[in-house]
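For reference, the chains in residue letters:
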Amino acid sequence: MIRKTSFILLSVLTVFTIQPLFAVGGSTELIDTPTAEVIDYYATQMNFRFYSNGGILSRVGFGVFKGLNIGFSLDVDKLVGTLNPELRQPTLNLKYRLFDGAQQIPAIAIGYEGQGYNYDTSTSTTNTYTEKEKGLYLIFSMETVAKGLEFHIGTNINF
């Protein structure tokens, strides 16, 4: 009985987790790539990424004005497991949607993401991440060919 209840609960949670991926309006990020979509005014978004050695990267974003998102990221190495967790300095995330797009013109967003992940502990002098932060980025997003099929192209520079 417990297994059946756990399976049903897990199935329902999976459906509610996957459903936003297919929602109309797009996602603010595809895997590691930002898009021109922003969080709605007054909305909040939370993301978690698990990576090697028990690390967790958590992100929280807020829609503070129409088209403007502000948030922060927090990286904790060794949180999952028996080792002592190592907290990294939180970083700022910003995104502003410059243009909503038109039929033949893509939506445009500019942003800043200061969080990398998988902190390099192999040498004490580097103090960097193996997966670098995005830094300053510019993204163009456009729905083409079919409804819900979006293309995103952009560039970034990290410091």
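Remember, it's a predicted structure, so these values are computed and weren't measured experimentally.

Draft legend 1. Looking closely at the pattern of salt bridges. As enumerated under the stated definition, the model contains seven salt bridges in all. R88 is the partner of D77 in a salt bridge, and the nearest nitrogen-oxygen pair spans 2.7 Å. Of this pair, D77 sits in strand β5 (residues 68-77) while R88 is found in the loop between β6 (86-87) and β7 (91-99), placing the two residues eleven residues apart along the sequence. When salt bridges with common partners are traced through the structure, they connect D77, K78, E86 and R88 into a single cluster.

Draft legend 2. Quick look at the environment of L92. Looking at where L92 falls in the secondary structure, it is placed in strand β7. With a relative accessible area of 42%, L92 lands in the partly exposed category. Along the sequence, L92 and S73 sit 19 residues apart, while their C-alpha atoms lie 6.5 Å from each other. The residues contacting L92, other than those within four sequence positions of it, are I70, G71, Y112, E113 and G114.

Reading the values: the criteria
- Residues numbered from 1 in each chain as written.
- Predicted model: local features only at pLDDT ≥ 70, side-chain atom pairs only at ≥ 80, totals over all residues.
- Heavy atoms only, no water.
- Salt bridge = Lys/Arg side-chain N within 4 Å of Asp/Glu carboxyl O.
- Helix = DSSP H or I, 4+ residues; strand = E, 2+ residues; numbered from the N terminus.
- Buried < 20%, exposed > 50% of the residue type's maximum accessible area, 1.4 Å probe, protein only.
- Contact = heavy atoms within 4.5 Å.

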